[in-house]
Amino acid sequence: MNKKRLQRLGVVCMAAAMVLTTVSFPRAAKAEEGTLTQADASTSTEQEKGKVLVQVDQDVLKANAMCNSEMNPAISWDSASSYTKNIDGQAEYAFDGDERLGTNSNKIDGGMWHSRYTDTNTAKIAGTSTDYSAVTRGNEETINDSNRPWIGSGFGRKIMLKKVTYMGRYTDNNVSNNIADYVLYYANMDNPNQEPGADDWQIAKEGTLAATSAASDIVLDTAKEATHFKLVGKTAYNSNGSKVGNTQLVCAREIKVYELKDIDINLTAPTSADGTNADATTSETGTVESAGDISESPATITGVVVKNKNELDLAHPVTVTSTTGDKLDITGENNKDDSVLIQFQIKLKELPSETDSVIVAKGDQYKIAYKRQTWNNQTIYRIKFWVTGPDSLGDARWKEVGCNFTDATYLNKWITVTAMYDGTTATKLWINGTSKSDGWNSNTAYGNRNAGAAIVHKEANVTIGDSTINGYIKDLKIYSGLGSSVTGNQTNYLALVSALSDSANATKVFDLSATPAVTPAYTLATTWNTETKQDPETHLDKNTYTETVTVNPATNASIVTAPEAVTVNIDENTGNNKVIPVSEDTVLENGTAKVKYVFEDMLRGGSLRMITANGETDYTKTSMRLGYDFKLPADTTFDSCAWYYGTTANDLRLSLTPGANTKKIENPTATKQGYIRSNIVFTNIAKANFDRDIFARVLVKYTKDGKTYSKMGAYVDQNSVSSIAEKIKNSGSETETNYVNELTKTK
């Protein structure tokens, strides 16, 4: 038998792939006759998808600003009338987005963070004619040679920290107190809202910043997964640019943080010549600010300013309006259960300035507020929770509990507040899981005189926040209808909180959901080009589809590395997506990156190969080959082929990736000079599976200047033994026809 004639539709040049049986593809490979054994090579290391450097939202950094020393309140070292805004002040000034310019003689718009340099009344509070008097906040530490001043913030999430930009004093004529030698630390907390402890910080980089008013970049060699950062000033500059150590005087007018993100480009491969090509997509999507109640029959909330996930700015009061009845009303009237539990996290940046600053309240029915009171000629600050009974109780109508709120304990850090009225006698307040009643407790005075109707109905919406508060609230939840598993665990906080997760123990009547506006780090623009050429051997039309994707960085973002790889959906099944090299070199143009990917019809055809044993032809099985012919781009060299295959068009879950062992034939025919031919062969296909289609898609890899590129088959190719046999019967030689007749005849 003329074996070469039989195999004319595909020269044997690579190893057997997998054996097809009546059940599945078993994990076995078999070498072709006359070739070396060729095994599946492991997949190469995933290539770089590309990186974009994105500025972290300054509002988030401002909300989470922290330091160990600061001028509080902001100070003016000259007459207040000379300045329009704060000058040297608190940590959040370094993240206010105001890169102020000016000199001492100009009116200054904007302020900067400065470590404390005076506690005397020799200067003025900025913007006023009031003598300066320091207010100690909870972040104050004693600055000395071993404990240096630092400033930092949290991101509210995990990022890949890559760069920090520092700006010191606003004029090169005076760089006094600008950071000179620095240490940049990062922390990576399991809970991004938990402030790092001393053991959580790790050094990211050390160095020296330039003596300039311009921005100085601290760029990490390798991005670090982080939830927080802090910049420590080991030394500072004098006004003339010389260094001084062991000084408490350090400043920063603006600090920016940048994260490194993948450029995630997803392509959908064509599936047929008459199909519609899909534009490139990315998981990098923007969102608009939104906030709402996600409990059952959600209430409507208005006036929201979102700072972070489920986090609101308390200085912008929010109104909560029940849309179904008044689910937020928990009066004891009409035999209703009047128990309530309120839980949230809060960060207070300043002590309250008013006597009563609302955190969460439904009129006076139930309320949590900051209180500022004068007691025995002393100013006392408290956080207080109370419910209100009927007027008939007179001065005993309030049932309340409070906590003395000292700045050194609670300021500038997230704390968890839980407040509960059990519906009968007790109001309870927990701070970070610890029961508190040191501020005030009038539970005894209230007594049991109003059991069953303890809280009276008040016509009022629930409000969150107060314009007099400088702080943030997050993860607010309100529960009513508390069961005994909750109210009976007042001495076991963990058990009480755990019981809230079961709706049988409590009804969640409000659950804050908030999403800050997010600008995507980059956007994609797609163009397609279709080119049709005739195969020089078969004279059939062959289509090539080139997808060009332009990556445009957003404001405050820049392309760091152009993508070398993309993710391709090869078969409409996302579970089989492949990360593969791009087709053409990417270029950076005016801050943009371009990626080209080529889907090319490379299928030459299919053929069969006889299986013989001891000189006898075995007509119970055969091998089927899919052959591919392709050209490489100019100035590139062949790397390898890979195939993705399966028994259905939309599930190419199996793969053959021989890598450097890929067999090939160059210039396979006189009419195909400059082409390369390579095949995938499915061996030992049993007669029972001759009618069964096999589906495959080819990937061709090539290299240029040490980089790997690829192009993919335009379609999911399919064939079966029976289909190829019919073509041979119609156009093959007598020998070939005899073979396929014997192969396909039934008993």
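These numbers come from a predicted model, not from an experiment.

## A word on helix 8 (residues 734-744)
Since there are 3.6 residues in each turn of an α-helix, residues three or four apart along the chain are aligned in direction.
Line of reasoning, step 1. Looking only at helix 8, the buried set comprises Glu736, Thr737, Tyr739, Val740 and Leu743. For helix 8, the angular spread of the buried residues around the axis is 160 degrees, confining them to a single face.

## Digging into the pairing of strand 22 (residues 340-348)
Line of reasoning, step 1. Burial of strand 22 is extensive: nine of the nine residues sit out of reach of the surface.
Line of reasoning, step 2. Covered by surrounding structure in strand 22 are Val340, Ile342, Phe344, Ile346 and Leu348 together with Leu341, Gln343, Gln345 and Lys347, the residues of both alternating faces.
Line of reasoning, step 3. Sheet analysis places strand 22 next to strand 32 (residues 471-480), joined by eight bridges and oriented antiparallel. The partner of leucine 348 across the bridge, within strand 32, is glycine 471.
Line of reasoning, step 4. Summarising the sheet, strand 22 and strand 27 (residues 415-421) pair through seven bridges and their orientation is antiparallel. Each residue of the ladder has a partner; that of isoleucine 346, found in strand 27, is isoleucine 415.

## Considering the packing of aromatic side chains
Line of reasoning, step 1. One pass over the structure, following the stated rule, counts 13 aromatic pairs.
Line of reasoning, step 2. Centroid distance tyrosine 619 to tyrosine 739: 5.8 Å. Interplanar angle 40 degrees. Geometry classified as tilted. Taken together, the positions of tyrosine 619 in the loop between strand 43 (616-617) and strand 44 (621-630) and tyrosine 739 in helix 8 put the pair 120 residues apart, joining distant regions of the chain.
Line of reasoning, step 3. Connected via pairs of aromatic rings, a cluster forms that spans Phe95, Phe155 and Phe229.
Line of reasoning, step 4. Looking at lysine 230, its charged tip hangs above the ring of tryptophan 150, at a distance of 4.9 Å from the centre.
Line of reasoning, step 5. Its end group placed over the ring of tyrosine 675, lysine 672 keeps NZ or CZ at 5.2 Å from the ring centre.

## Description of the packing of helix 7 (residues 721-731) against helix 8
Line of reasoning, step 1. Put simply, helix 7 and helix 8 touch, their axes get as near as 9 Å, and they point 145 degrees apart. Helix 7 and helix 8 meet at a crossing whose hand is left-handed. Of helix 8, the residues touching helix 7 (which contributes Val721, Ala725, Ile728 and Lys729) are Glu736, Thr737, Val740, Asn741, Leu743 and Thr744.
Line of reasoning, step 2. When the residues that make up the contact of helix 7 with helix 8 are grouped by side-chain class, the tally is five nonpolar, three polar and two charged.

## What about the nonpolar core?
Where a protein is soluble and globular, its nonpolar side chains tend to be buried together.
Line of reasoning, step 1. Counting residues in each nonpolar core, the largest one holds 65 residues, and the members touching the most others are Ile265, Val566, Val568, Leu608, Tyr628 and Met712.
Line of reasoning, step 2. Sorting elements by how many residues they give to this core places strand 49 (residues 694-704) first, with seven residues.
Line of reasoning, step 3. If you look at the next biggest cluster of nonpolar residues, it comprises 47 residues, including Leu328, Ile330, Phe344 and Ile346.

## Regarding the pattern of salt bridges
Line of reasoning, step 1. The tally for this structure, following the rule as stated, stands at 35 salt bridges.
Line of reasoning, step 2. The shortest N-O distance in the salt bridge between glutamate 537 and arginine 677 comes to 3.5 Å. Linking glutamate 537 in the loop between strand 34 (522-534) and strand 35 (541-553) with arginine 677 in strand 48 (residues 676-686), this pair joins segments that are 140 residues apart in sequence.
Line of reasoning, step 3. Overall, the relative accessible area of 27% leaves glutamate 537 in the partly exposed class.
Line of reasoning, step 4. Using a relative accessible area of 2% as the deciding quantity, one classes arginine 677 as buried.

## Section: helix 7
Line of reasoning, step 1. Taken together, the buried positions of helix 7 are Val721, Ser722, Ile724, Ala725 and Ile728. Looking down the long axis of helix 7, one finds its buried residues gathered within 160 degrees of arc, a one-sided arrangement.

## So, the confidence of the model for the chain
Line of reasoning, step 1. Looking at the chain, the pLDDT average stands at 85 and 87% of residues meet or exceed 70.
Line of reasoning, step 2. Segment residues 1-45: pLDDT under 50, and 133 contacts once partners within four positions in sequence are set aside and those in other chains are kept.
Line of reasoning, step 3. Contacts from residues 444-453, a stretch scored under 50 in pLDDT, to residues over four places away or in other chains number 20 contacts.

## Concerning the side chain of asparagine 576
Line of reasoning, step 1. Position of asparagine 576 among the secondary structure elements: in the loop between strand 37 (565-569) and strand 38 (578-581).
Line of reasoning, step 2. Among the polar contacts made by the side chain of asparagine 576, one reaches the side chain of aspartate 651 at a distance of 3.0 Å.
Line of reasoning, step 3. Setting aside chain neighbours within four positions, we find asparagine 576 in contact with Ile570, Asp571, Asp651, Leu652 and Arg653.

## Here we look at the pairing of strand 35
Line of reasoning, step 1. With 10 of its 13 residues buried, strand 35 lies for the most part within the structure.
Line of reasoning, step 2. With 13 bridges connecting them, strand 34 and strand 35 associate as antiparallel partners. Within strand 35, the position partnered with tyrosine 522 by the bridge is proline 553.
Line of reasoning, step 3. By the bridge criterion, eight bridges tie strand 35 to strand 40 (residues 592-600) in an arrangement that is antiparallel. Bridge pairing in strand 40 places tyrosine 545 opposite phenylalanine 599.

## Some details on unusual backbone geometry
Line of reasoning, step 1. Residues asparagine 72 and proline 73 are joined by a peptide bond in cis, for which omega reads 0 degrees.
Line of reasoning, step 2. The backbone of aspartate 475 shows a phi angle near 55 degrees, a positive value even though the residue is not glycine.
Line of reasoning, step 3. Within the fold, aspartate 475 resides in strand 32.
Line of reasoning, step 4. Within the chain, aspartate 635 stands out as a residue other than glycine whose phi angle is a positive 65 degrees.

## What to know about the environment of arginine 148
Line of reasoning, step 1. You can see arginine 148 is positioned in the loop between strand 7 (124-125) and strand 8 (150-167).
Line of reasoning, step 2. Expressed as a C-alpha distance, the spacing of arginine 148 and glycine 233, which sit 85 residues apart in the sequence, is 6.3 Å.
Line of reasoning, step 3. Excluding residues within four positions of it along the chain, arginine 148 makes contact with Asn68, Ile143, Val232, Gly233, Lys234, Asn246 and Thr247.
Line of reasoning, step 4. In terms of polar contacts, arginine 148 uses its side chain to reach the backbone carbonyl oxygen of glycine 233, at 3.4 Å.
Line of reasoning, step 5. A distance of 3.2 Å separates the side chain of arginine 148 from the backbone oxygen of lysine 234, its partner in a polar contact.

## Details of the environment of glutamine 248
Line of reasoning, step 1. Examined against the element boundaries, glutamine 248 turns out to sit in the loop between strand 13 (243-245) and strand 14 (251-252).
Line of reasoning, step 2. Judged by relative accessible area, glutamine 248 falls into the partly exposed class, the value being 36%.
Line of reasoning, step 3. In the structure, glutamine 248 is positioned 103 residues away from aspartate 145 in sequence and 8.7 Å away in space, judged by C-alpha atoms.
Line of reasoning, step 4. Excluding residues within four positions of it along the chain, glutamine 248 makes contact with Ser115, Arg116, Tyr117, Ile143 and Pro149.

## Focus on the sheet that holds strand 16 (residues 266-268)
Line of reasoning, step 1. Taking strand neighbours across the sheet as the criterion, the three strands line up as 16-37-38 in an open arrangement whose pairing is mixed. Of all the strands in the sheet, just strand 16 and strand 38 have a single pairing partner and so form its edges. If you compare each strand with its neighbour and ignore which way they point, the axes differ by 40 degrees on average.
Line of reasoning, step 2. The pairing of strand 37 with strand 38 spans four bridges and is classified as antiparallel. Within the sheet, the bridge partner assigned to valine 566 lies in strand 38 and is isoleucine 580.

## A look at the environment of alanine 660
Line of reasoning, step 1. Structurally, alanine 660 can be placed in the loop between strand 46 (654-656) and strand 47 (665-666).
Line of reasoning, step 2. We classify alanine 660 as exposed; its relative accessible area is 77%.
Line of reasoning, step 3. Sequence separation between alanine 660 and phenylalanine 638 is 22 residues, and the spatial gap between their C-alpha atoms is 9.5 Å.
Line of reasoning, step 4. When residues no more than four places from it in sequence are discounted, the contact partners of alanine 660 are Asp639 and Ser640.

Calculation notes
- Residues numbered from 1 in each chain as written.
- Predicted model: local features only at pLDDT ≥ 70, side-chain atom pairs only at ≥ 80, totals over all residues.
- Heavy atoms only, no water.
- Buried < 20%, exposed > 50% of the residue type's maximum accessible area, 1.4 Å probe, protein only.
- Helix = DSSP H or I, 4+ residues; strand = E, 2+ residues; numbered from the N terminus.
- Arc of directions from axis to C-beta.
- Pairing = 2+ DSSP bridges.
- Phe/Tyr/Trp six-rings, centres within 6.5 Å; stacked < 30°, edge-to-face > 60°.
- Lys NZ or Arg CZ within 6 Å of the ring centre and 35° of its normal.
- Axes fitted to C-alpha atoms, helices over the stretch in contact; angles between N-to-C directions.
- Left-handed = near helix turned anticlockwise from the far one by under 90°.
- Contact = heavy atoms within 4.5 Å.
- Nonpolar A, V, L, I, M, F, W, Y, C, P; charged D, E, K, R; others polar.
- Core = buried A, V, L, I, M, F, W, Y, C linked by side-chain atoms within 4.5 Å.
- Salt bridge = Lys/Arg side-chain N within 4 Å of Asp/Glu carboxyl O.
- pLDDT = per-residue confidence, 0-100.
- Polar contact = N/O pair within 3.5 Å; in protein donor to acceptor, adjacent residues only side chain to side chain.

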